[in-house]
Amino acid sequence: MLDSEVRQSLLQWLGQERFRDDQETLVTHSYDATPMLQSLPDAVVYPETTAEVQSILRLANEHRIPIVPRGAASNLCGGTVPVQGGIVVAMSRMNKLLELDTVNLTATVQPGLNTKKFHQEVERRGLFYPPDPSSMVISTLGGNIMEGAGGLRGLKYGTTKDYVIGLEAVLPSGEMIRTGGKLYKDVAGYDLTKLLVGSEGTLALITEATLKLLPAPGVRQTMLVAFADIYGAARSVSRIVGARIIPATLEIMDQATIRVVEDYNHIGLPTDVQAILLIEQDGQELEHVKKDMNDIKNICAAEGATDIRMAQDEVEAEQLMMARRSALSTLARISPTTILEDATVPRSAIADMILAINRIAEKYRVNICTFGHAGDGNLHPTCTTDARNEEEIHRVEEAFAEIFEEAISLGGTITGEHGVGTVKAPYLEWKVGNAGIDVMKGIKQVFDPAGIMNPGKIFAKSSRKRLVISK
């Protein structure tokens, strides 16, 4: 519960509509898309201006009250769960597209703007914003920036951090800083823009962002390729990129995922194969796109593809891509609890990683389906389970710990695009080492000496002991 003086100040600034501490509001802001995590905040506020954010953070800093920034709470790492209570700062009212600059090819946005709506607005102007997280129908740009979100187009176009070129951010002290701008070149000092992207609300609160845009591709083609052998799919991925072809999308789904998605969507996915690749290429010239797709088709055929299907029109192409985008929500239909992770490995290790996931799932007797961004090695092993079964949940946790260990041993990482949050904090040291943790804590101390910004995220009280994998 907030101190009465603090509560009164917030009520006076924001009014009863934008300061809430009733039980219903607290409960609805106590969790995010991460399963099995919930913690009540002490209050929820809805600022509408940067000046209001400054006042809120200044007050919280003075009284040492945790601040938890929140967009649509669609993250999967517990990033917006108020694990130490405090004030949830919901950015839903700062949701405007402030400027679309067609000369500099930039957009200036507020953090609460819905990602899908932004895509649609930009595309209406013949422009293109590539980052397309699967949650973009509900996610916000501010949330994407805080988590460093990726998406299906990451191989060719990169992720959110590649498109954020300027930020307005409020420090815990209430001071406002501006980084970058409408500039494609800027080496004035440390790159604070890139530092803040993916900082998960632990350093500052973003109130405005300038995003880089591209001309929209004029042509797009989509293909589905099926493989009886998962190594054939993996070899195709390596050979496609090795042939200097960079598809806009290069996604993989294993057999377990294919069967569940087909059962729900009925779009004719082959359920008797070990893996499928969903491949999309785009560009400005039809001739170039067709050549790339033809070369990809030949590579896949040489690697033993059992079925190669080109989408005949936009409707079929969208249907195929929706099958991939809906994989998580479809898997969520088969059990009460769905736990999705994003272990990432070098592209050459995709097949080994998938087979390791299958072996680990069998060892711990848990059901894990795997899909993900094959082109950039970012896999999403997804466990369907039941949070009420404590014994099974323990086995699931052990299985994911071993999956993280396996990813690192293959030269990978514990997260490619979902962030660390609370869920993967105990494993961060495995990836960055003691010295890396110390450097990160030093940066946190400079920005947030009182430790009020999203406490409990990224840094764990104690790191998880590494496992010794028996193969």
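Being a predicted model, the structure only gives us computed values, none of them experimental.

Cut-offs and rules
Residues numbered from 1 in each chain as written. Predicted model: local features only at pLDDT ≥ 70, side-chain atom pairs only at ≥ 80, totals over all residues. Heavy atoms only, no water. Pairing = 2+ DSSP bridges. Helix = DSSP H or I, 4+ residues; strand = E, 2+ residues; numbered from the N terminus. Axes fitted to C-alpha atoms, helices over the stretch in contact; angles between N-to-C directions. Contact = heavy atoms within 4.5 Å. UniProt positions renumbered as here; feature names shortened; annotations may be inferred. Parallel < 35°, antiparallel > 145°, perpendicular 65-115°, else oblique. Left-handed = near helix turned anticlockwise from the far one by under 90°. Salt bridge = Lys/Arg side-chain N within 4 Å of Asp/Glu carboxyl O. Buried < 20%, exposed > 50% of the residue type's maximum accessible area, 1.4 Å probe, protein only. Domains from an automatic or database assignment. Polar contact = N/O pair within 3.5 Å; in protein donor to acceptor, adjacent residues only side chain to side chain. Patch = residues over 30% accessible without salt bridge, like charges linked within 9 Å, V, L, I, M, F, W, Y side chains within 5 Å. Areas by Shrake-Rupley, 256 points an atom, 1.4 Å probe, with all protein chains shown as cover. Nonpolar A, V, L, I, M, F, W, Y, C, P; charged D, E, K, R; others polar. Core = buried A, V, L, I, M, F, W, Y, C linked by side-chain atoms within 4.5 Å.

Novice: Help me understand the sheet that holds strand β10 (residues 205–212), please; the structure alone is not making it clear to me.
Specialist: Two pairing modes exist for strands in a sheet, parallel and antiparallel, and in both the strands are linked by backbone hydrogen bonds. What the five strands build is an open sheet, ordered β5-β6-β10-β8-β9; its pairing is antiparallel. For this open sheet the edge positions go to β5 (97–101) and β9 (176–180), each flanked by a neighbour on one side alone. With direction set aside, neighbouring strand axes in the sheet form an average angle of 10°. By the bridge criterion, four bridges tie β5 to strand β6 (residues 106–109) in an arrangement that is antiparallel. Bridging across to β6, Asp-101 finds its partner in Thr-106. Relative to strand β8 (residues 164–170), helix α3 (residues 50–63) is tilted by about 50°, and along the sheet it contacts β8, β9 and β10. Contacting β5, β6 and β10, helix α4 (residues 115–124) crosses the sheet at an angle of about 30° to β5.

Novice: Looking at this structure, how should I read the UniProt feature "domain: FAD-binding PCMH-type" (unreviewed entry) in the protein chain?
Specialist: Look at the UniProt record and you will see "domain: FAD-binding PCMH-type" (unreviewed entry) annotated at residues 37–216. Across residues 37–216 one finds 22% helix and 24% strand; the C-alpha atoms that close the span lie 39 Å apart.

Novice: Is there a simple way to explain the packing of helix α1 (residues 4–18) against α3 in this structure?
Specialist: A pair of packed helices can be characterised by two numbers: the angle between their axes and the separation between those axes. At their nearest, the axes of α1 and α3 sit 10 Å apart, and the two run at 155° to each other. One way to sum up the angle between α1 and α3 is to call them roughly antiparallel. Crossing of α1 against α3: the hand is left-handed. Of α3, the residues touching α1 (which contributes Glu-5, Val-6, Ser-9, Leu-10, Trp-13, Leu-14 and Arg-18) are Glu-52, Ser-55, Ile-56, Leu-59 and His-63.

Novice: Please clarify how the pattern of salt bridges should be interpreted in this entry.
Specialist: If charged atoms from side chains of opposite charge come close, those side chains can pair. In the structure shown here, the tally under the stated rule is 28 salt bridges. Here Glu-341 and Lys-424 are joined by a salt bridge, their closest N and O atoms 3.1 Å apart. A residue pair is termed long-range when its members are at least 10 positions apart, and Glu-341 in the loop between β16 (337–340) and α13 (350–364) and Lys-424 in the loop between α14 (390–409) and α15 (428–447) qualify at 83 residues. Taken as a pair, Glu-341 and Lys-424 share a single burial class, namely buried. In this structure, Lys-363 engages Glu-402 in a salt bridge whose closest nitrogen and oxygen atoms are separated by 3.1 Å. Of this pair, Lys-363 sits in helix α13 while Glu-402 sits in helix α14, and the two are 39 residues apart along the sequence.

Novice: Looking at this structure, I do not really get the domain arrangement of the protein chain. What am I missing?
Specialist: Domain boundaries assigned for the protein chain yield domain 1 (4–90), domain 2 (97–215), domain 3 (217–326) and domain 4 (334–470). Taking the mean C-alpha position of each, domain 1 and domain 3 sit 43 Å from one another.

Novice: Please clarify how the side chain of Thr-222 should be interpreted in this entry.
Specialist: Note on placement: Thr-222 falls in strand β12 (residues 219–227). Within polar-contact distance, the side chain of Thr-222 engages the side chain of Glu-280 at 2.8 Å. Setting aside anything within four residues of it in sequence, one finds Thr-222 in contact with Ile-279, Glu-280, Met-293, Arg-309, Met-310, Ala-311, Ala-317, Leu-320 and Met-321.

Novice: Could you clarify how one ought to interpret a nonpolar patch on the surface in this entry?
Specialist: The grouping of Val-27, Tyr-31 and Leu-40 at the surface amounts to a nonpolar patch, some 240 Å² of accessible area in total. Within the secondary structure layout, Tyr-31 lies in the loop between α2 (23–28) and β2 (43–45). For Tyr-31, a relative accessible area of 37% corresponds to the partly exposed category.

Novice: Where do I start with the environment of Leu-214 in this structure?
Specialist: Looking at the secondary structure, you find Leu-214 in strand β11 (residues 214–215). Judged by its relative accessible area of 23%, Leu-214 falls in the partly exposed class. Excluding its chain neighbours within four sequence positions, the residues that come into contact with Leu-214 are Leu-127, Phe-128, Pro-130, Tyr-157 and Tyr-163.

Novice: Help me understand the sheet that holds β2, please; the structure alone is not making it clear to me.
Specialist: Within the open sheet, the four strands sit side by side as β1-β2-β4-β3. Their pairing is mixed. Looking at which strands have only one partner, the edges of the open sheet turn out to be β1 (19–20) and β3 (67–70). Relative to strand β4 (residues 87–90), β3 is paired through four bridges, and the arrangement is parallel. Paired with Arg-70 across the two strands is Ala-90, which belongs to β4.

Novice: Looking at this structure, how should I read the environment of Leu-320?
Specialist: Examined against the element boundaries, Leu-320 turns out to sit in helix α11 (residues 314–325). The sequence separation of Leu-320 and Gln-23 amounts to 297 residues, and the corresponding C-alpha distance is 42 Å. In this view, Leu-320 contacts Thr-222, Leu-224, Leu-269, Leu-278, Arg-309 and Ala-311; residues no more than four positions away in its chain are not counted.

Novice: Looking at this model, I keep getting lost on the packing of helix α8 (residues 230–242) against helix α10 (residues 286–302). Mind explaining?
Specialist: Packing of α8 against α10 leaves a shortest axis separation of 9 Å and a crossing angle of 145°. Crossing angle aside, the handedness with which α8 passes α10 is right-handed. Listed contacts from α10 to Ser-236, Arg-239 and Ile-240 of α8 are Ile-296, Ile-299, Cys-300 and Ala-302. Residue composition of the contact of α8 with α10, grouped by class: five nonpolar, one polar and one charged.

Novice: Would you explain the nonpolar core in this entry?
Specialist: A general trend in soluble globular proteins is that nonpolar side chains are found buried together. Ranked by internal contacts, the top residues of the largest apolar core, which has 44 residues, are Ile-240, Ile-252, Leu-277, Ile-279, Ile-296, Val-366 and Ile-403. Top element by residues in this core is α13. It accounts for eight residues. Each of domain 3 (217–326) and domain 4 (334–470) contributes no fewer than three residues to this core. Not counting the four nearest positions on each side in its chain, Ile-240 is found in contact with Ile-245, Pro-247, Leu-250, Ile-279, Ile-296, Ile-299 and Cys-300. In terms of nonpolar packing, the next biggest core, distinct from the first, is built from 28 residues, Leu-100, Leu-141, Leu-171 and Leu-196 among them.

Novice: Even after reading the chapter, I still don't get the pairing of β12, so can you show me in this structure?
Specialist: Extensive coverage of β12 is indicated by the burial of eight of its nine residues. Examined bridge by bridge, β12 and strand β14 (residues 275–283) share nine bridges and lie antiparallel to one another. Across the sheet, Leu-224 pairs through a bridge with Leu-278, a residue of β14. When β12 meets strand β15 (residues 305–310), the two strands line up antiparallel, connected through five bridges. Within β15, the residue paired with Val-225 across the bridge is Ile-308.

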